[in-house]
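Geometric and topological summary
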Amino acid sequence: RLAFHRPLSSASAANGVHAPTRGTMAATAFELVWGDGVVPSWLVGLTLLFLLLMPILRSMFPKTCGVAIKQGGKGAFLLAFEITCAGPLAYCAYEGVVAWVYKLDDFTTPEQRLYGVSPFAVKVMQANFAFQVWDFSVSLFHRELNSPEMLTHHALAALMCYWGLTMPYMHYYAIYFMGVVEISSVPLVLVDICKYYPELQRRFPALDLGSKVCFGVLFVAVRDIVWVKTAIAVWTDGVGILRAGNFPPQYPGWITASVLVAQLFFTCLQVVWTKQLFQGLADLLRGDADGGEKKEK
């Protein structure tokens, strides 16, 4: 709930841009994250959908999901997980792209980009915070999902959303990094499903190839090209504020420095994932040249 904000200007107010102010009746961090029920609703909804999908998928696809992991099968866990992920990822992508393209004209100064508040960013961060918390929790139960780098990614992304919602902080950049970039994660759901269940890949080769092409194009666009441009802007604004030392009292320098370090970690992840993407492309082309055979890793 963003009830204690002073409008920056009439034009900014029309676009939902506000500046935070301190007051004796300011909402607590707990209220800002949990008070309006959006985050709990996402968490409950994702959990219920995931739990409901597993028996449904086992009954619908007994050969694919009916064999338990302990018996050498894949089970329904990963398929239910990926289908559940599609909802919040698509929501964050849609809200992020709409806000990034149409709603951010008034974020023109470093102070506005770092400290300005946007209700569109709040929607993105509420959904992404809930998703990262849920993803982190569920990933602990499956070895395909609980690599250290992915768990760290989920934890840091949730922390960034938490700071963004409670301080509030960096709403302008949150719309891109928590919203727009997730557009590449939507086709990745199909890519991962085909990876985890190779029989689906063999049964629907066009779907597998189409999702890989779509994912690759979107990944390079939003997680490489525009990501670098936006990351440079984050560092320019953040370092400029730190060097000037004119940040407001409620935004201590260590917060900005921590966000910049986290942003560097996420950027390094993009580099690693980009390398994996091009390695996968090379393997795919090599497989096509060899008659369509794929190497098992």
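Here is what the cut-offs are and how they apply
Residues numbered from 1 in each chain as written. Predicted model: local features only at pLDDT ≥ 70, side-chain atom pairs only at ≥ 80, totals over all residues. Heavy atoms only, no water. Helix = DSSP H or I, 4+ residues; strand = E, 2+ residues; numbered from the N terminus. Buried < 20%, exposed > 50% of the residue type's maximum accessible area, 1.4 Å probe, protein only. Contact = heavy atoms within 4.5 Å. Areas by Shrake-Rupley, 256 points an atom, 1.4 Å probe, with all protein chains shown as cover. Phe/Tyr/Trp six-rings, centres within 6.5 Å; stacked < 30°, edge-to-face > 60°. Axes fitted to C-alpha atoms, helices over the stretch in contact; angles between N-to-C directions. Parallel < 35°, antiparallel > 145°, perpendicular 65-115°, else oblique. Left-handed = near helix turned anticlockwise from the far one by under 90°. Nonpolar A, V, L, I, M, F, W, Y, C, P; charged D, E, K, R; others polar. Patch = residues over 30% accessible without salt bridge, like charges linked within 9 Å, V, L, I, M, F, W, Y side chains within 5 Å. Salt bridge = Lys/Arg side-chain N within 4 Å of Asp/Glu carboxyl O. Core = buried A, V, L, I, M, F, W, Y, C linked by side-chain atoms within 4.5 Å. Polar contact = N/O pair within 3.5 Å; in protein donor to acceptor, adjacent residues only side chain to side chain. Disulfide = S-S within 2.5 Å.

Our focus in this paragraph is the overall build of the protein chain. The secondary structure content of the protein chain amounts to 13 helices and two strands. Within the protein chain, the proportion of its 297 residues that are buried is 45%. Within the protein chain, contacts between residues separated by at least 24 positions form 77% of all contacts whose residues are at least 6 apart in sequence. For the protein chain, the exposed area adds up to about 15,100 Å²; of that, 67% sits on carbon and sulfur atoms.

The subject of this paragraph is the packing of aromatic side chains. Tallied over the full model, the rule gives 17 aromatic pairs. Geometrically, the ring pair formed by Trp100 and Tyr172 is tilted, given 5.1 Å between the ring centres and 40° between the ring planes. Here the residue Trp100 occupies a position in helix 5 (residues 77-102), and Tyr172 occupies one in helix 9 (residues 171-177), the gap between them amounting to 72 residues. Of the residues examined, Trp100 reaches a relative accessible area of 25% and is grouped as partly exposed. With relative accessibility at 16%, the residue Tyr172 sits in the buried group. Every member of this aromatic cluster is reached through a ring pair, and the members are Trp100, Phe107, Tyr172, Tyr173, Tyr176, Phe177 and Trp227.

Right, let's get into the packing of helix 7 (residues 119-139) against helix 8 (residues 148-166). Where helix 7 meets helix 8, the closest approach of the two axes is 8 Å, and the angle between their N-to-C directions is 150°. The angle between helix 7 and helix 8 falls in the class roughly antiparallel. Helix 8 is crossed by helix 7, and the crossing has left-handed handedness. Note on element contacts: helix 8 touches helix 7 through Leu151, His153, His154, Ala155, Ala157, Ala158, Cys161, Tyr162, Gly164 and Leu165, opposite Val122, Met125, Gln126, Asn128, Phe129, Gln132, Val133, Asp135, Phe136 and Ser139. For the contact of helix 7 with helix 8, the residue count by class is 12 nonpolar, seven polar and one charged.

A cluster of nonpolar side chains, contributed by Val44, Leu48, Leu52, Ile56, Met60 and Phe61, occupies part of the molecular surface with about 560 Å² of accessible area. Within the secondary structure layout, Phe61 lies in the loop between helix 3 (38-60) and helix 4 (62-65). With relative accessibility at 32%, the residue Phe61 sits in the partly exposed group.

Attention shifts here to unusual backbone geometry. Cis geometry is found at the peptide bond from Met167 to Pro168, where omega equals -20°. Secondary-structure assignment places Pro168 in the loop between helix 8 and helix 9. Of note, the phi angle at Met170 is positive, near 50°, even though the residue is not glycine. Following the sequence through the fold, Met170 ends up in the loop between helix 8 and helix 9.

Turning our eyes to something else, we now look at the pattern of salt bridges. Considering all chains together, one arrives at five salt bridges under this definition. Of the charged contacts in the structure, one is a salt bridge between Glu95 and Lys123, with a shortest N-O distance of 3.4 Å. Placement of the pair is Glu95 in helix 5 and Lys123 in helix 7, with a sequence separation of 28 residues. For Glu95, a relative accessible area of 12% puts it in the buried group. As a salt-bridge pair, Asp208 and Lys212 come within 3.3 Å of each other at their nearest N and O atoms. One end of the pair is Asp208 and the other is Lys212, both in helix 12 (residues 205-244) and four residues apart, which spans about a single turn. The exposure class assigned to Asp208 is buried, which follows from its relative accessible area of 7%. Residue Lys212 is classed as partly exposed on the basis of its relative accessible area, which comes to 23%.

Let us look at the environment of Pro110. Mapped onto the secondary structure, Pro110 falls in helix 6 (residues 110-115). Taking the C-alpha atoms as reference points, Pro110 and Asp237, separated by 127 residues in sequence, lie 5.2 Å from one another.

Phe50, Trp134, Tyr169 and Tyr197 are the most contacted members of the largest nonpolar core, which totals 67 residues. With 10 residues, helix 7 is the largest single contributor of residues to this core. When sequence neighbours within four positions are dropped, the list of residues in contact with Trp134 reads Leu43, Leu46, Thr47, Phe50, Phe81, Thr84 and Cys85. Val191, Phe215, Phe219 and Leu277 belong to the second largest nonpolar core, which has six residues in total.

Time to look at the side chain of Asp237. Tracing the backbone shows Asp237 in helix 12. A polar atom in the side chain of Asp237 sits 2.5 Å from the side chain of Tyr173. Sequence-distant contacts of Asp237, that is, excluding residues within four places in its chain, are made with Pro110, Arg113, Leu114 and Tyr173.

Another point: the state of the cysteines. Inspection of every chain in the model, using the stated rule, returns zero disulfides. Cys92 carries a free sulfur, and the closest cysteine sulfur to it, the one in Cys161, is 7.7 Å from it. Here Cys92 falls in the buried class, since its relative accessible area comes to 2%.

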